[in-house]
Amino acid sequence: LKRPASLDLRRLEGRIVALFLGLLLIIQIGSFVLVQRSVEANAEASIDANLKTAGYMLQGLLVQRAGREHDAAVLLSADAGFRDAIGQMHLDAAGPQTLSDALGNHAQRVGAAVAAFVNLDNQLVAGTGPEPERFLKLAEGLSGEPPKEGDAQLVLVNEKAYQLVRVPVRAPGPLGAVVMGFALDEDLLAGLKRLSNVGALLLVRGGEQGWRRPLGLREPAPASN
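**Things to note about the packing of aromatic side chains**
Part 1: Applying the stated criterion to the full structure yields 2 aromatic pairs.
Part 2: Ring centres of F82 and F117 lie 6.1 Å apart, and the angle between their planes is 85°; on these two criteria the pair is classed as edge-to-face. With a gap of 35 residues between them, F82 in helix α2 (residues 80-87) and F117 in strand β1 (residues 114-118) connect regions that are remote in the sequence.
Part 3: Overall, F117 belongs to the buried group, its relative accessible area being 3%.

What follows is the structure in structure tokens.
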């Protein structure tokens, strides 16, 4: 069979066809690259927007949580029995233990890991929970006012994340302050995932250990057959 002139590169017709086919291939490749880059850019922009939205949601959840914790501390500071226990501190040998029991009972009711009372010199008078002195030092800069937007009051103690609240105690004059620490748990991240469908974890960096993960959602256990 004789090859058509349009396919014979030795002829002008064949060269013209080859040139047009080459140009068409280049145009198609260029279009594919542009479309691919556009798709990737749109995907990255969408991911970035979702992450920013999830970040705002997480901040909101933290502030809401801190507000509830602040209210719990205010409730304790206004409790008449608690203030009476403070007044009995130096009048009764069992005063410190009574105050510690009151702190422990309230902490258990509101889910606080640490609760402490400090005097006007910021010295620990009574406390419950692990290492209350460390929490007191970290809470020194807290104003005692309700948390504002963006103020999550997060601290890290023994590789575990906590939210701190500090509330003054008055009767009616100032007596000291209540400090409470609430451990962050998976419920916070689970709530964020329900709202935004974004999984999150808390990472911190420092010292020789590099990046650490104090808090994250556990992977669901595989279903058994």
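The structure having been displayed, the exposition proceeds.
**Re α2**
Part 1: Taken together, the buried positions of α2 are F82, A85 and I86. Down the axis, α2 shows its buried residues gathered within 100° of arc, on one side only.
Part 2: Where α2 begins, the side chain of D79 points an oxygen toward the backbone nitrogen of G81, at a separation of 3.1 Å.

**Observations regarding the side chain of S100**
Part 1: Here S100 is to be found in helix α3 (residues 95-110).
Part 2: Given a relative accessible area of 18%, S100 falls into the buried group.
Part 3: Not counting the four nearest positions on each side in its chain, S100 is found in contact with A126, G127 and T128.

**Regarding the sheet that holds β1**
Part 1: Spatially, the 5 strands line up as an open sheet ordered β2-β1-β5-β4-β3, and their pairing is antiparallel. Of all strands in the sheet, those bounded by a partner on one side alone are β2 (124-128) and β3 (154-157). Taken over all neighbouring pairs, the strand axes of this sheet differ in orientation by 30° on average, direction set aside.
Part 2: Here 5 bridges tie β1 to strand β5 (residues 174-183), and the two strands are oriented antiparallel to one another. The residue bridging F117 from the neighbouring strand is V178, located in β5.
Part 3: Strands β1, β4 (160-170) and β5 of the sheet are contacted by α2, whose axis makes an angle of about 80° with β4.

Conventions we followed
Residues numbered from 1 in each chain as written. Predicted model: local features only at pLDDT ≥ 70, side-chain atom pairs only at ≥ 80, totals over all residues. Heavy atoms only, no water. Phe/Tyr/Trp six-rings, centres within 6.5 Å; stacked < 30°, edge-to-face > 60°. Helix = DSSP H or I, 4+ residues; strand = E, 2+ residues; numbered from the N terminus. Buried < 20%, exposed > 50% of the residue type's maximum accessible area, 1.4 Å probe, protein only. Arc of directions from axis to C-beta. Polar contact = N/O pair within 3.5 Å; in protein donor to acceptor, adjacent residues only side chain to side chain. Contact = heavy atoms within 4.5 Å. Pairing = 2+ DSSP bridges. Axes fitted to C-alpha atoms, helices over the stretch in contact; angles between N-to-C directions.

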